[in-house]
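The primary structure of each chain is shown beneath.
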Amino acid sequence: MNICIVGAGYVGLTTAAVLANIGHTVYCTDRDATKIDKLKRGIVPIFEPGLTEMIALNQAEGRLFFGANVRRHMMNCPVVMIAVGTPSAKNGSADMRFVRCVVKDLSLVIRSPKTIIMKSTVPPGTADWIDTLLQEYGVSPDMFELASNPEFLREGSAIEDTVHPDRIIIGAKKKETALMVKELYHAIETKFLLTGRMEAELIKYASNAFLATKISFINEISRVCDVFNADITEVARGIGMDDRIGPKFLHAGLGYGGSCFPKDVNALNYSASSKEVELELLEAVMKINRSQLEIYMNKLNHKLGKNRDHVRIAVWGATFKENTDDIRYSQAIAFMKKLTKQGYEVYAYDPLVSPPIPSVVWCSDKYKAVVQADALVIATGWPELIEADWNRVKQLMKRNIVLDGRNCLDKKTMEAYGFELAGVGRP
Ligand code: UGA
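Here the structure is a predicted model, which is why all the values come from computation and not from measurement. (Residues numbered from 1 in each chain as written. Predicted model: local features only at pLDDT ≥ 70, side-chain atom pairs only at ≥ 80, totals over all residues. Heavy atoms only, no water.)

**Let's talk about the sheet that holds strand S10 (residues 345–349)**
Link 1 in the chain: Spatial ordering of the open sheet is given by S11-S10-S9-S12-S13-S14, a layout of six strands whose pairing is parallel. The sheet terminates laterally at strand S11 (360–362) and strand S14 (420–422), the two strands that pair on one side only. With strand direction ignored, the average angle separating the axes of adjacent strands in the sheet is 25 degrees.
Link 2 in the chain: Bridge count between S10 and S11: three bridges; the pairing is parallel. Looking at S11, one finds that Ala 348 is bridged to Trp 362.
Link 3 in the chain: Most of the contacts of helix H12 (residues 280–304) go to strand S13 (residues 401–404), to which it runs at about 170 degrees, and overall it touches strand S9 (312–316), strand S12 (375–378), S13 and S14. (Pairing = 2+ DSSP bridges. Helix = DSSP H or I, 4+ residues; strand = E, 2+ residues; numbered from the N terminus. Axes fitted to C-alpha atoms, helices over the stretch in contact; angles between N-to-C directions. Contact = heavy atoms within 4.5 Å.)

Here it is, written out as structure tokens:
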């Protein structure tokens, strides 16, 4: 099958690579000509384990093509998959400007019947809105079928999640459309749910909202652990042994970030309130996530005392989680900003990124960042940080305070090195 994928971001590129890998001919297109030019030359603009290799293989075998002429590729393919961004607008809603643009372009080039597949995360009602929009732009309804097929991949394990997904959700008005979309994934063994379009759209938002709720829940319980001197990792382990709860996404830390959870919880909240439904639980989930950083700032302040003059903090990790170069809504960066605002000197290191942040000094290696540091904050759980030479770190630091914002260090081991370790909900 010839498939055109519009949008060469994390979702678009991974889906393009995997669909090509299972035998389809995929044309991945994006309005960003520079990005497309790089992709043509084998330069993948994002860091995602295994992606560069899979793209190269499928380009070499003639199944994956990149092009910046969005309309031409859409015109030539019977299947058009939309994978453009839906960032947060100022009022918390999903900004649908890029989707609207694709729909407009599409309306100009539909000469033969097309199946349009919505991969981007979009608010409930989007498929119906696109139906209307296309007709307003003069496209006859018998020239297209639109399916909602949300993506559940995680950055950092995007290929693995796409090749071995927990489930594939396909929302369509007609059964034939749903079955046609299902056929695209013929080589992927998983559970399929064929459902309505509105339901598919809501499954995506509700899944992310539920996962964010799990994180805020465990972060809230970590606050109780803090005051009762209990270890949240043990509590989470015990809770997770109940099959009804499960062990995943019960990792307490500085809170959730990234381009999905903050945006999607907000957008779901916006969609509900536009219909006068108040989401009290999700309001609390967002509130807990915001205050989580505050709590750890207070912990650090308490350990370091009132005088901030020339108090140096090393921060390890800047991305929103390990194994990605994505810094969107990164709690690590939010924490660095808070530290500089409080008057601390901040020396930071991340294995992949060094975004400009006023008053933050970026170091080229993790050991340089800890020289003469009063405290070290682990803000992202990168394996290379966890596996540091802690003897060396201890010798380079001025004082011995480590705030493990991702609960990724072993307390006993760190204490044996002579550190005073403060975690999230750990005695
Ligand atoms: C998330 C979902 O997990 C994917 O299923 C979904 O497809 C994606 O959003 C999306 O909507 O596109 P992602 O944002 O890549 O994926 O990353 P996650 O691994 O879910 O982590 C999100 C945030 O939660 C990170 O900041 C992470 O550090 C934090 N987190 C995660 C915790 O604080 N505790 C946990 O137990 C798990």
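On we go from here.
**Here's the deal with H12**
Link 1 in the chain: In this model, H12 (25 residues) spans 37 Å end to end at C-alpha, consistent with the 36 Å of a helix rising 1.5 Å per residue.
Link 2 in the chain: The sharpest bend along H12 measures roughly 30 degrees and falls at Ser 291.
Link 3 in the chain: Here H12 has its buried residues at Leu 282, Val 285, Met 286, Ile 288, Asn 289, Gln 292, Leu 293, Tyr 296, Met 297, Leu 300, Asn 301 and Leu 304.
Link 4 in the chain: On its buried side, H12 packs onto helix H9 (197–228), helix H11 (261–274), S9, helix H13 (331–341), S12 and S13.
Link 5 in the chain: Looking one or two residues beyond H12, the residue adopting positive phi is Gly 305, at roughly 85 degrees. (Expected span 1.5 Å × (residues − 1). Bend = angle between axes of the 7 residues up to and from the residue. Buried < 20%, exposed > 50% of the residue type's maximum accessible area, 1.4 Å probe, protein only.)

**A short note on unusual backbone geometry**
Link 1 in the chain: Positioned with a positive phi, Asn 229 is a non-glycine residue whose angle comes to about 55 degrees.
Link 2 in the chain: You can see Asn 229 is positioned in the loop between H9 and helix H10 (232–240).
Link 3 in the chain: Of the residues examined, Asn 229 reaches a relative accessible area of 58% and is grouped as exposed.
Link 4 in the chain: If you check the backbone angles, His 310 has positive phi at about 55 degrees while not being a glycine.

**Side note on the domain arrangement of the chain**
Link 1 in the chain: Partitioning the chain into structural domains gives domain 1 (2–195) and domain 2 (211–422).
Link 2 in the chain: Each of domain 1 and domain 2 was reduced to a C-alpha centroid, and the two centroids are 33 Å apart.
Link 3 in the chain: On the domain 2 side, the residues contacting the 18 residues of domain 1 number 16 residues.
Link 4 in the chain: Surface buried jointly by domain 1 and domain 2 totals about 1,300 Å² across both partners, of which 52% is contributed by carbon and sulfur atoms.
Link 5 in the chain: It is Phe 47, Ser 88 and Glu 155 that lose the most area in domain 1 upon contact with domain 2, and together they represent 40% of the buried surface on that side.
Link 6 in the chain: Our enumeration of links across domain 1 and domain 2 arrives at one salt bridge.
Link 7 in the chain: A salt bridge links Glu 155 to Arg 328; the nearest nitrogen and oxygen atoms lie 3.7 Å apart.
Link 8 in the chain: Joining domain 1 to domain 2, the criterion identifies seven residue pairs in polar contact (both at pLDDT 80 or more).
Link 9 in the chain: Split by residue class, the side of domain 1 that touches domain 2 holds nine nonpolar, seven polar and two charged. (Domains from an automatic or database assignment. Buried area = accessible area lost by both parts, 1.4 Å probe. Salt bridge = Lys/Arg side-chain N within 4 Å of Asp/Glu carboxyl O. Polar contact = N/O pair within 3.5 Å; in protein donor to acceptor, adjacent residues only side chain to side chain. Nonpolar A, V, L, I, M, F, W, Y, C, P; charged D, E, K, R; others polar.)

**Examining the site of the ligand**
Link 1 in the chain: For the ligand, the set of nearby residues contains 20 residues, the closest of which are Phe 152, Leu 153, Glu 155, Lys 204 and Asn 208.
Link 2 in the chain: Interatomic distance of 2.9 Å between a backbone N/O atom of His 251 and a nitrogen atom of the ligand.
Link 3 in the chain: A distance of 2.9 Å separates an oxygen atom of the ligand from a polar atom in the backbone of Gly 257.
Link 4 in the chain: No other element matches H9, which puts three residues into the shell around the ligand.
Link 5 in the chain: Among the residues forming the shell around the ligand, the class breakdown is nine nonpolar, four polar and seven charged.
Link 6 in the chain: Lining the shell around the ligand are residues from two domains, each supplying at least three of them: domain 1 (2–195) and domain 2 (211–422). (Near = heavy atom within 4 Å.)

**Looking at the layout of surface pockets**
Link 1 in the chain: Its boundaries defined by the atoms lining it, the second largest pocket holds a volume of some 360 Å³.
Link 2 in the chain: Considering the residues around the second largest pocket, the lining is formed by 16 residues, among which Pro 262, Asn 289, Arg 290, Tyr 329 and Gln 331 are closest to the centre.
Link 3 in the chain: Contributions of two or more residues to the lining of the second largest pocket are made by H11, H12 and H13.
Link 4 in the chain: Classifying every residue of the lining of the second largest pocket by side-chain character gives eight nonpolar, six polar and two charged.
Link 5 in the chain: If you count residues domain by domain, the lining of the second largest pocket takes at least three from each of domain 1 (2–195) and domain 2 (211–422). (1 Å grid on protein atoms, 1.4 Å probe; cavity = no way out; pocket = protein on both sides within 12 Å on 5 of 7 lines; lining within 4 Å. Points joined across faces, edges and corners; volume = space filled by probe spheres on them.)

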